[in-house]
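If you want the building blocks of each chain, they are given just below.
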Amino acid sequence: MKKIRKAVIPVAGLGTRFLPATKAIPKEMLTIIDRPTIQYIVEEVVASGIQEVILITSEGKSAIENHFDYNFELDTLLREKNKEQLRAELERTSGLIDVVSVRQKKPLGLGHAIWMARHVVGDEPFLVLLGDDLVRSETPCCRQMLDLYEQIGESIVAVQRVPMAQTGSYGIVEGEATEHERTCKISRMVEKPAPGVSDSDMAIIGRYLLMPDIFDILGTTTPGHGGEIQLTDALQALSKRRGMYAYEFQGRRYDAGDKLGYLKAIVDIALEHPSLGGPFREHIRTLCGHEACRL
Ligand code: UTP
């Protein structure tokens, strides 16, 4: 079984749901308290034991690469001003990962973005994390998937149960339970099913562990929904070619590319923050008593 060493993070999307904020700033750089969303995602990769990150970027996304780079002027300034704690934090951020970036020249879809990584990934299985999908858990979500991979040696998509009324917003998988905990063998995948098309509530989220065969398939996948090369179409083909598993991860997931999901992430992370959590909780309590709150 080949070891997994690389994680691909596509960040080349337009982020239209966050306009006008994302006109000049990548949505992955929107802040949750004091660090951008992308940093939480990269920290998950690192905590899972992976060091090599391949960013799929586009024009206007250089702030993301800069964020993980060393800034000599800032380092010198903080040193001169004796702001050692801040300086150490910046040093830690720039030392987190080795970044390789690949340009996706046109936003032709998530499937196309991943295909762009083929030369850098090569012939080995790899992880994919969407740049705006946050997962908070005791054991990092990617680590949970890597542990399962070590037992089954095939592709895995992370899933969460969603209310049936919301299945039309997700890629939905159907499958049979296996002897592995929280794991199904996938028999069918349906992208954003219309009511009545599938009775499954298992929705794909932004974490994938893929065999390199996906690149051949993506290379011949024709544009689907919205004229984009859809990852789900290629996953469906891969699941037919060899086994693919759905893993119900343990943890809480936030769609930080969506305004409500982003707000939920900020509130939850703030409530658990070591120094801000207490005063923030107090603030929420005062809001609950406020008539405008209507809780
Ligand atoms: P989304 O559809 O959520 O991102 O893609 P988007 O297109 O940036 O956002 P909206 O819908 O316009 O607000 C999920 C992930 O895939 C990346 C995005 O950057 C995001 O991390 N993506 C999407 C690409 O890298 N390239 C694409 O062509 C499309």
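Residues numbered from 1 in each chain as written. Predicted model: local features only at pLDDT ≥ 70, side-chain atom pairs only at ≥ 80, totals over all residues. Heavy atoms only, no water.

J.: Quick question: what am I supposed to make of the packing of aromatic side chains here?
T.: Any two aromatic rings considered together are summarised by their centre-to-centre distance and by the angle between their planes. Inspection of the entire model under this criterion finds two aromatic pairs. Here the aromatic rings of Phe-18 and Tyr-262 are separated by 5.3 Å at their centres, their planes lie at 85 degrees, and the arrangement is edge-to-face. Separated by 244 residues along the polypeptide, Phe-18 in the loop between strand E1 (6-10) and strand E2 (31-32) and Tyr-262 in helix H10 (residues 259-271) bring together distant segments of the chain. Like Phe-18, the residue Tyr-262 is buried in the burial classification. (Phe/Tyr/Trp six-rings, centres within 6.5 Å; stacked < 30°, edge-to-face > 60°. Helix = DSSP H or I, 4+ residues; strand = E, 2+ residues; numbered from the N terminus. Buried < 20%, exposed > 50% of the residue type's maximum accessible area, 1.4 Å probe, protein only.)

J.: How do you make sense of the pairing of strand E12 (residues 244-248) when you look at a structure like this?
T.: Residues in a regular strand point their side chains to alternate faces of the sheet. Burial within E12 is extensive, with four of its five residues counted as buried. As paired strands, strand E8 (residues 155-161) and E12 are joined by five bridges and run parallel to one another. Its bridge partner being in E12, Val-159 is matched across the sheet by Glu-248. For strand E10 (residues 183-191) and E12, the ladder comprises three bridges, and the chain directions are antiparallel. In the sheet register, Cys-184 faces E12, and the bridge partner there is Ala-246. (Pairing = 2+ DSSP bridges.)

J.: Which parts of the structure should I look at to understand helix H7 (residues 141-152)?
T.: Each α-helix winds once per 3.6 residues, and so residues spaced three or four apart point in a common direction. For H7, spanning 12 residues, the distance from its first C-alpha to its last is 17 Å, which sits close to the expected 16 Å at 1.5 Å a residue. Within the span of H7, buried status applies to Cys-141, Cys-142, Gln-144, Met-145, Leu-146, Leu-148, Tyr-149 and Ile-152. Directly after H7, the chain includes Gly-153, whose backbone phi takes a positive value near 65 degrees. (Expected span 1.5 Å × (residues − 1).)

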